[in-house]
Amino acid sequence: MVKHSNVAVPKGHFKKHWQNYVKTWFNQPARKSGGDFRQKKAVKVFPRPTSGPLRPIVHGQTLKYNMKVRAGLAAGIPKKLTPIIGIAVDHCQRNHALESLQTNVQRLKMYNAKLVIFPWHTHKFKVQAGDSVAED
């Protein structure tokens, strides 16, 4: 039935902060896997960098973050070549400032100098310029 007249609302005496008194164990899988997972990943993806594809330095967009630099998604390299050599690209983004452009070009040149490319099929094609041989 519907309550009528001016009756007080019953007070629910609930424990408001029960999460503070409960011990959870959600981090068990991370503890179980051990601390050498970075080492395992480095061995698994060996010639490639463990931090993923190379990302250029960009500035944040808003007034709060525009003085800070962070990893972005942009490069001036052919679209089909970038996944092969491990560079992340955002084709909508452009470098408007000459200073940041020079910084990113310098990073790409340094990355390319250290880059070692292994040919996919050594028995099918001749070794091209820039490819590494099996001894490397």
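Residues numbered from 1 in each chain as written. Predicted model: local features only at pLDDT ≥ 70, side-chain atom pairs only at ≥ 80, totals over all residues. Heavy atoms only, no water.

Draft legend 1. Here's a closer look at the overall build of the chain. Scanning the chain from N- to C-terminus turns up 4 helices and 2 strands. Starting at the N terminus, the α and β elements of the chain follow one another as α-α-β-β-α-α. Excluding contacts between residues fewer than 6 apart, the proportion of contacts in the chain whose partners are at least 24 apart in sequence is 35%. Summed over all atoms, the accessible surface of the chain reaches about 12,800 Å², with 60% contributed by carbon and sulfur. (Helix = DSSP H or I, 4+ residues; strand = E, 2+ residues; numbered from the N terminus. Contact = heavy atoms within 4.5 Å. Areas by Shrake-Rupley, 256 points an atom, 1.4 Å probe, with all protein chains shown as cover.)

Draft legend 2. Fine view of a nonpolar patch on the surface. On the surface, L98, L101 and V105 cluster together to form a nonpolar patch covering roughly 240 Å² of accessible area. By the secondary structure assignment, L98 is in helix α4 (residues 98–114). (Patch = residues over 30% accessible without salt bridge, like charges linked within 9 Å, V, L, I, M, F, W, Y side chains within 5 Å. Salt bridge = Lys/Arg side-chain N within 4 Å of Asp/Glu carboxyl O.)

Draft legend 3. Summary view of the environment of T103. Among the structural elements, T103 can be located in helix α4. For the pair T103 and P56, spaced 47 residues apart in the sequence, the C-alpha separation amounts to 8.5 Å.

Draft legend 4. Local environment of the nonpolar core. One finds L54, I77, I85, I87, L108 and Y111 forming the largest nonpolar core, which totals 6 residues. Leave out the neighbours within four places in its chain, and Y111 touches P49, L54, I85, G86 and I87. (Core = buried A, V, L, I, M, F, W, Y, C linked by side-chain atoms within 4.5 Å. Buried < 20%, exposed > 50% of the residue type's maximum accessible area, 1.4 Å probe, protein only.)

Draft legend 5. Molecular detail of α4. For α4, with 17 residues, the first-to-last C-alpha span of 25 Å sits near the 24 Å given by 1.5 Å per residue. Buried residues along α4 sit in contact with β1 (57–59) and α3 (82–85). (Expected span 1.5 Å × (residues − 1).)

Draft legend 6. Highlighting the side chain of N104. By the secondary structure assignment, N104 is in helix α4. Not counting the four nearest positions on each side in its chain, N104 is found in contact with P56, I57 and N95.

Draft legend 7. Broad picture of the confidence of the model for the chain. Chain-level pLDDT for the chain is 76 on average; 79% of the residues reach the 70-or-more range. Within the chain, the element-level pLDDT minimum falls on helix α1 (residues 28–33), averaging 75, and the maximum on α4, averaging 83. (pLDDT = per-residue confidence, 0-100.)

Draft legend 8. Up close: the side chain of S100. Within the secondary structure layout, S100 lies in helix α4. Exposure remark for S100: the relative accessible area of 17% places this residue in the buried category. Side-chain polar atoms of S100 contact the backbone oxygen of A97, separated by 3.1 Å. (Polar contact = N/O pair within 3.5 Å; in protein donor to acceptor, adjacent residues only side chain to side chain.)

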